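Breakdown of the fold
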Amino acid sequence: MAAPLNQACVRAGAALLVFTAVYERTTGRYGDRGVRYVYMDVGHAGQNVHLQAVALGLGTVVVGALDGEAVRRIIGAPASEDPLYIMPVGRL
């Protein structure tokens, strides 16, 4: 539980969605503004998860307080991917 900084909702979720970013994919095209676009995109994706969860009678929450290195290791992501947040999904 250290990876999500001991947040119980992560342990309680039936499924966990982990959003990561490879900034160079966006900054390579848009320069420094690309970082802003990454954050906008992940926000939009998270909102879509929230909306779909509600439509299915499920609950979710965005967990942004996390140990990025620990999350990366747990999910097997390469060093180039930066974990941005976790969304546990489950029954209300």
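One structure accompanies this document, and this report is about it. (Residues numbered from 1 in each chain as written. Predicted model: local features only at pLDDT ≥ 70, side-chain atom pairs only at ≥ 80, totals over all residues. Heavy atoms only, no water.)

Before going further, it helps to spend a moment on the overall build of the chain. A count of helical and extended segments in the chain gives four helices and three strands. The secondary structure elements of the chain, listed N-terminal to C-terminal, are α-β-α-α-β-α-β. Counting only C-alpha atoms and orienting by the principal axes, one finds that the chain spans roughly 40 × 30 × 20 Å. A buried classification covers 34% of the 92 residues belonging to the chain. A separation threshold of at least 6 residues defines the contact pool for the chain, and within that pool the share at least 24 residues apart is 69%. When the accessible surface of the chain is split by element, carbon and sulfur atoms take 55% of a total near 5900 Å². For the chain, the centre of its 8 positive side-chain charges and the centre of its 7 negative side-chain charges are spaced 7 Å apart. (Helix = DSSP H or I, 4+ residues; strand = E, 2+ residues; numbered from the N terminus. Buried < 20%, exposed > 50% of the residue type's maximum accessible area, 1.4 Å probe, protein only. Contact = heavy atoms within 4.5 Å. Areas by Shrake-Rupley, 256 points an atom, 1.4 Å probe, with all protein chains shown as cover. Lys, Arg positive; Asp, Glu negative; His and termini not counted. Charge placed at Lys NZ, Arg CZ, Asp CG, Glu CD.)

This brings us to the sheet that holds strand β1 (residues 15–21). Paired through their backbone hydrogen bonds, the strands of a sheet run either parallel or antiparallel. Across the sheet, three strands lie side by side as β1-β3-β2; this open sheet has antiparallel pairing. Two strands in the sheet have a free side with no partner beyond their single neighbour: β1 and β2 (58–60). Geometrically, the sheet is characterised by an average inter-axis angle of 25 degrees between neighbouring strands, direction not taken into account. Summarising the sheet, β2 and strand β3 (residues 82–91) pair through three bridges and their orientation is antiparallel. Of the residues in β3, the one forming a bridge with Thr-60 is Val-89. Contacting β1, β2 and β3, helix α3 (residues 33–55) runs over the sheet at an angle of about 5 degrees to β3. Across the sheet, helix α4 (residues 68–75) is in contact with β1 and β3; its angle to β3 comes to roughly 65 degrees. (Pairing = 2+ DSSP bridges. Axes fitted to C-alpha atoms, helices over the stretch in contact; angles between N-to-C directions.)

With respect to the helices, strands and loops of the structure, Thr-60 is situated in strand β2. With sequence-adjacent residues up to four places away left out, Thr-60 is seen in contact with Val-49, His-50, Ala-53, Met-87, Pro-88 and Val-89.

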